[in-house]
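# Structure at a glance
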Amino acid sequence: MLSGSGTTPFSERPELSKATGRSPSSVQRHLDRLRTEGALNLSVDFDPQLLGYHMSTRLWLNVAPAHLRTGGETLATHPAIAFAAAITGTSNLVASGVFRTPGDLYDYIDRQIGPLPGIQSIETAPTLREVKRLAPALP
């Protein structure tokens, strides 16, 4: 069942029914249809440090053109990677990763990225301090 915040189904949130002038069951059916058709997706932004991930890192990769699609699709399946995209410039693939420790980042580069075909170079930029994010950090 599609949920809003927490575990409350959208249909049990009276503000949606009131705002749309529809019954809760009608709202739920419409939301379920939008989700099934791929028109509605929910993303959650949270502070990774709350789960013990103290190292956010941007990775810039230079990948042989023949391996760019495969490299990007592979990175997108890795749990440590929150975002991956093909780009232009001195690198042709960028990714954002979250790791618990610098050692975890090193192991990831060594064991997950290094063996991928077509990887020509990797640059990393650990985030030293975050000054803005969608989800505010908890005190």
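Before reading further, recall that the structure is shown in the block above.
Here the structure is a predicted model, which means the values were calculated and not measured.

Moving on, we come to the overall build of the chain. Looking only at helices and strands, the chain has 4 helices and 4 strands in total. Tracing the chain from N to C terminus, the helices and strands come up as α-α-β-α-β-β-α-β. With 139 residues in all, the chain has 27% of them scored as buried. Of the contacts made within the chain by residues no fewer than 6 positions apart, 64% connect residues no fewer than 24 positions apart. Of the roughly 9,500 Å² that the chain leaves accessible, carbon and sulfur atoms contribute 56%.

Further remarks concern the nonpolar core. Core analysis: the biggest nonpolar cluster contains 13 residues, and Leu-59, Leu-61, Leu-75, Phe-99, Tyr-108 and Ile-113 have the highest contact counts within it. Only strand S1 (55-63), strand S3 (93-99) and helix H4 (102-113) provide two or more residues apiece to this core. Examining the composition of this core, we find that 4 residues originate from one element, S1, more than from any other.

For the rest of this paragraph, the subject is the packing of aromatic side chains. Counted by the stated rule, this structure contains 1 aromatic pair. Their ring planes at 50° and their centres at 5.4 Å tell us that Phe-99 and Tyr-108 sit as a pair that is tilted. Judged by its relative accessible area of 6%, Tyr-108 falls in the buried class.

Turning next to the environment of Asn-92. Looking at the secondary structure, you find Asn-92 in the loop between strand S2 (81-86) and S3. With relative accessibility at 13%, the residue Asn-92 sits in the buried group. Residues Asn-92 and Leu-68, 24 residues apart in the sequence, show an inter-C-alpha distance of 7.7 Å.

Moving on, we come to helix H3 (residues 68-77). Restricting attention to buried positions, one finds in H3 the residues Gly-71, Gly-72 and Leu-75. The buried residues of H3 all sit within an arc of 95° when viewed along its axis, so they share a single face. Those residues of H3 that are exposed and angled more than 90 degrees off the buried face are Arg-69, Ala-76 and Thr-77. In this structure, the buried side of H3 is in contact with S1, S2, S3 and H4.

The sheet built from 4 strands is open, its strands ordered S2-S3-S1-S4 with antiparallel pairing. Edge positions in the sheet fall to S2 and strand S4 (119-126), since each of these pairs with one other strand and no more. In this sheet, adjacent strand axes meet at a mean angle of 20° when their direction is disregarded. Relative to the sheet, H3 contacts S1, S2 and S3, its axis offset from that of S3 by approximately 20°. The sheet strands contacting H4 are S1, S2, S3 and S4, and the helix crosses S1 at an angle near 25°.

Conventions and cut-offs
Residues numbered from 1 in each chain as written. Predicted model: local features only at pLDDT ≥ 70, side-chain atom pairs only at ≥ 80, totals over all residues. Heavy atoms only, no water. Helix = DSSP H or I, 4+ residues; strand = E, 2+ residues; numbered from the N terminus. Buried < 20%, exposed > 50% of the residue type's maximum accessible area, 1.4 Å probe, protein only. Contact = heavy atoms within 4.5 Å. Areas by Shrake-Rupley, 256 points an atom, 1.4 Å probe, with all protein chains shown as cover. Core = buried A, V, L, I, M, F, W, Y, C linked by side-chain atoms within 4.5 Å. Phe/Tyr/Trp six-rings, centres within 6.5 Å; stacked < 30°, edge-to-face > 60°. Arc of directions from axis to C-beta. Pairing = 2+ DSSP bridges. Axes fitted to C-alpha atoms, helices over the stretch in contact; angles between N-to-C directions.

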